[in-house]
Amino acid sequence: MIFPMQSNKVRDIKTEVLSDNWYTLRKVTYDYLKSDGSWETQSREAYDRGNGATVLLYNKQYKTVILIRQFRMPTYVNGNDSGMLIESCAGLLDQDNAEDCIRRETEEETGYKISSVEKIFEAYMSPGSVTEIVYFFIAEYSKSMKVGEGGGADGEQEDIEVLELKIDDAIQMIETGDIKDGKTIMLLQYIKLKGIL
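Residues numbered from 1 in each chain as written. Predicted model: local features only at pLDDT ≥ 70, side-chain atom pairs only at ≥ 80, totals over all residues. Heavy atoms only, no water.

Caption draft 1: Here's a closer look at the sheet that holds strand S3 (residues 39-48). Sheet architecture is open: 3 strands sit in the order S1-S2-S3, paired in antiparallel fashion. The open sheet has two edge strands, strand S1 (10-19) and S3, and neither has a second partner. Averaged over all pairs of adjacent strands, the angle between strand axes in this sheet comes to 20°, irrespective of strand direction. Bridging between strand S2 (residues 24-33) and S3 involves 10 bridges; their strand directions are antiparallel. Across the sheet, Arg26 pairs through a bridge with Ala46, a residue of S3. (Pairing = 2+ DSSP bridges. Helix = DSSP H or I, 4+ residues; strand = E, 2+ residues; numbered from the N terminus. Axes fitted to C-alpha atoms, helices over the stretch in contact; angles between N-to-C directions.)

Structure below.
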């Protein structure tokens, strides 16, 4: 784990790997300077899965967006009866830059080959326990960009359904609870707030 330059609020950082089965879970113990001037030893667990990127494909003419539906085990064990989640296309950077990653993931997951993407922001999605930064993109799509069926990459245990939805229907699905994925909600709201669709 790479730490930033020593902070005047954090010292004596020690790490212990708890698991490196899929990604890396570390226990980090450190001294933290509290606002009252006293030092306190604290311990946290941080899950490092690398950084990721996500994109919302949109079509201005038809006022539609492309989303995907797939099984997500963590949601299943936390009360999602089917385990299925509707999401924006996303993936881990895997040594790529964010733009190259999202172009690759878009083609693998949705079957659309996009060339132009616009980065809109980046965000920590679960900063209490996960190190990941997600880079958020939007990109226009048209039927002519469809080069395959999508569904995910061979060998990645993905079984992805591609959905084309009217933007207003997608926004309504947030309200009904049919869309519960944070990154997807952020992207859909961005598109609406900016008047893009």
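There is more to say after this.
Caption draft 2: Structural context of the nonpolar core. If you look at the biggest cluster of nonpolar residues, it comprises 25 residues, and the most contacted ones within it are Leu56, Val65, Ile138, Ile179, Leu188 and Ile191. Elements supplying a minimum of two residues to this core: strand S4 (52-59), strand S5 (64-71), strand S8 (118-124), strand S9 (133-140), strand S10 (161-166), helix H3 (167-176) and helix H4 (182-193). Leave out the neighbours within four places in its chain, and Ile191 touches Leu56, Tyr58, Ile138, Ile167, Ile196 and Leu197. With 17 residues, the next largest nonpolar core counts Cys89, Val117, Ala139 and Tyr141 among its residues. (Core = buried A, V, L, I, M, F, W, Y, C linked by side-chain atoms within 4.5 Å. Buried < 20%, exposed > 50% of the residue type's maximum accessible area, 1.4 Å probe, protein only. Contact = heavy atoms within 4.5 Å.)

Caption draft 3: Spatial organisation of the packing of aromatic side chains. Tallying each qualifying case throughout the model produces 6 aromatic pairs. Relative to Tyr141, the ring of Tyr112 has its centre 5.1 Å away and its plane inclined at 70°; by these criteria the two rings are edge-to-face. Pair noted here: Tyr112 is in the loop between helix H2 (98-110) and S8 and Tyr141 is in the loop between S9 and S10, with a separation of 29 residues, a long-range link. Judged by relative accessible area, which is 4%, Tyr112 ranks as buried. Centroid distance Phe121 to Phe136: 4.6 Å. Interplanar angle 35°. Geometry classified as tilted. Of the two residues, Phe121 is situated in strand S8 and Phe136 in strand S9; the sequence distance between them amounts to 15 residues. Accessibility expressed as a relative area gives 23% for Phe121, which makes it partly exposed. Judged by its relative accessible area of 0%, Phe136 is buried. Joined through ring pairs, the aromatic side chains of Trp22, Tyr23 and Tyr47 make up one cluster. Its end group placed over the ring of Trp39, Arg11 keeps NZ or CZ at 3.8 Å from the ring centre. (Phe/Tyr/Trp six-rings, centres within 6.5 Å; stacked < 30°, edge-to-face > 60°. Lys NZ or Arg CZ within 6 Å of the ring centre and 35° of its normal.)

These results come straight from atomic positions and should not be treated as a statement about function.
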